[in-house]
Amino acid sequence: MINRILIRIKVVQILYSYMLTRNDLSIVEVKSKLDDSMDKAYQLYFALFKFMSDLTRIQELRLDAAKNKYLPTAEELNPDTRFIDNKFIEAIRGNEAYNYFLNNLSTADLETISWQDDVYARVILDKILNSDIYAEYMALANTDFATDTEFWRNVMINIVLEDEGFMEMIENKSVYWNDDLPTIGAFFIKTLKRWGEGQEQTFSPQFKDEQDAKFGFELLSYVDKNYNLYNSLIDRFVKTEAWDVERIALMDRVIMLTAIAEIINYPLIPVTVTMNEYIEIAKSYSSPRSGNYINGIMSSVVKHLRAEKVIKK
């Protein structure tokens, strides 16, 4: 689930953060930060499932409070419980893997992925209850697991994941989550679709395979071991008449260091794939002109590496 696109971003971010404050790379410390970032990304995946469960619980408590208040109305005494009896939510709460994951979190991490005490969670719940999606769902003659799952898939796509307040909530919970959400959110929605289609009610693994699991740390290690060499390649091909070596933005340098590490050490990854991925990272995380600037330098680096037969791709 944590794919190589997201891994590349995390490696660049962690290297940048570390190099911003330190001149020497401690690979043990950097790896620890990378592992923590990967774990937090996977926690976000489960946090989105827990978000739906927690919203349902909030509504359940609301209905219960209304039923037990002084002089409740007939509607409050006999509410429509379709929303809180949602079969998809019941399946999540009863899922062995889901509960195993939650039960093995630290107290702090469990608190991070919990939403029941967040004030804005109630705001989002009200948006859901006042939406056309909710009205159409409650108007159905009857529902089953598939329709209950599709209801929540529509809610998450069209209400929750589009809500600016929700983005602020997740940013407050973890510094990593805003960057993680596009990738993790896509896998989350795919999981809902898969369950709704009647496929096995399983969760995506943290990584697709062992190669992806090792990819981030390997990249960090290659940069660490070959830092001076990769830096010299960058400096060699900077057009000094247009840009002084000393003025290269640190983020641009980190992006190029990581790209060179990947180009040299992963012969099965096409150069164009690597180049395109890191240029996109530069556009998002550095200056507007960084993409073209990095493309120019890296093209010269690649040409040199091919001429020296360092790479054969």
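Residues numbered from 1 in each chain as written. Predicted model: local features only at pLDDT ≥ 70, side-chain atom pairs only at ≥ 80, totals over all residues. Heavy atoms only, no water.

Comments concerning the packing of aromatic side chains
Moving on, step 1. On inspection of all chains with the given rule, the structure shows 26 aromatic pairs.
Moving on, step 2. For the ring pair W115 and F166, a centre distance of 5.6 Å and an interplane angle of 25° mean the geometry is stacked. Linking W115 in the loop between α6 (107–112) and α7 (119–129) with F166 in helix α10 (residues 164–173), this pair joins segments that are 51 residues apart in sequence.
Moving on, step 3. With a relative accessible area of 0%, F166 lands in the buried category.
Moving on, step 4. Geometrically, the ring pair formed by F215 and Y266 is edge-to-face, given 5.1 Å between the ring centres and 70° between the ring planes. Linking F215 in helix α12 (residues 210–225) with Y266 in the loop between α14 (250–265) and α15 (271–285), this pair joins segments that are 51 residues apart in sequence.
Moving on, step 5. Of the aromatic side chains, those joined through ring pairs into one cluster are Y42, Y45, F46, F49, F88, Y98, F101, F145, F188, W195 and F203.
Moving on, step 6. The lysine or arginine in question, R4, covers the ring of F215, its NZ or CZ lying 4.4 Å from the ring centre.
Moving on, step 7. Taking NZ or CZ as reference, K31 lies 5.1 Å from the ring centre of F217, over its face. (Phe/Tyr/Trp six-rings, centres within 6.5 Å; stacked < 30°, edge-to-face > 60°. Helix = DSSP H or I, 4+ residues; strand = E, 2+ residues; numbered from the N terminus. Buried < 20%, exposed > 50% of the residue type's maximum accessible area, 1.4 Å probe, protein only. Lys NZ or Arg CZ within 6 Å of the ring centre and 35° of its normal.)

Focus on the nonpolar core
Moving on, step 1. Within the largest apolar cluster, 99 residues are counted, with the highest numbers of intra-cluster contacts made by F49, F51, M52, I128, W152 and F166.
Moving on, step 2. The leading source of residues in this core is helix α2 (residues 27–67), at 16 residues.
Moving on, step 3. If we skip the residues at most four places from it in the chain, W152 touches M52, L55, T56, F83, N86, F88, I89, I128 and L192. (Core = buried A, V, L, I, M, F, W, Y, C linked by side-chain atoms within 4.5 Å. Contact = heavy atoms within 4.5 Å.)

Brief notes about the packing of helix α1 (residues 4–21) against α12
Moving on, step 1. Interaxial distance between α1 and α12 falls to 10 Å at its minimum, and their mutual angle equals 30°. Taken as axis vectors, α1 and α12 run roughly parallel relative to one another. Of the two possible hands of crossing, α1 and α12 adopt the one that is right-handed. Residues R4, I7, R8, V11 and L15 of α1 touch α12, and the partners they reach there are Q211, D212, F215, G216, L219, L220 and V223.
Moving on, step 2. Split by residue class, the contact of α1 with α12 holds seven nonpolar, two polar and three charged. (Axes fitted to C-alpha atoms, helices over the stretch in contact; angles between N-to-C directions. Parallel < 35°, antiparallel > 145°, perpendicular 65-115°, else oblique. Left-handed = near helix turned anticlockwise from the far one by under 90°. Nonpolar A, V, L, I, M, F, W, Y, C, P; charged D, E, K, R; others polar.)

Here's the deal with helix α5 (residues 96–103)
In an α-helix, one turn spans 3.6 residues, which is why side chains three or four residues apart end up on the same side.
Moving on, step 1. All of the buried residues along α5 are Y98, F101 and L102. The buried residues of α5 occupy one face: seen down the axis, they fall within an arc of 95°. Facing away from the buried side of α5 by over 90 degrees, the exposed positions are E96, Y100 and N103.
Moving on, step 2. In the core, the buried residues of α5 are packed alongside α2, α4 (87–94) and α6.
Moving on, step 3. Where α5 begins, the side chain of N95 points an oxygen toward the backbone nitrogen of A97, at a separation of 2.9 Å. (Arc of directions from axis to C-beta. Polar contact = N/O pair within 3.5 Å; in protein donor to acceptor, adjacent residues only side chain to side chain.)

Focus on the packing of α4 against α5
Moving on, step 1. Axis separation between α4 and α5 bottoms out at 5 Å; the angle between their running directions is 55°. By the angle between their directions, the pair α4 and α5 is classed as oblique. Along its contact with α4, which presents I92, R93 and G94, the element α5 presents E96, Y98 and N99.
Moving on, step 2. Residue composition of the contact of α4 with α5, grouped by class: two nonpolar, two polar and two charged.

Interpretation note: all reported values are geometric properties and have no functional meaning in isolation.
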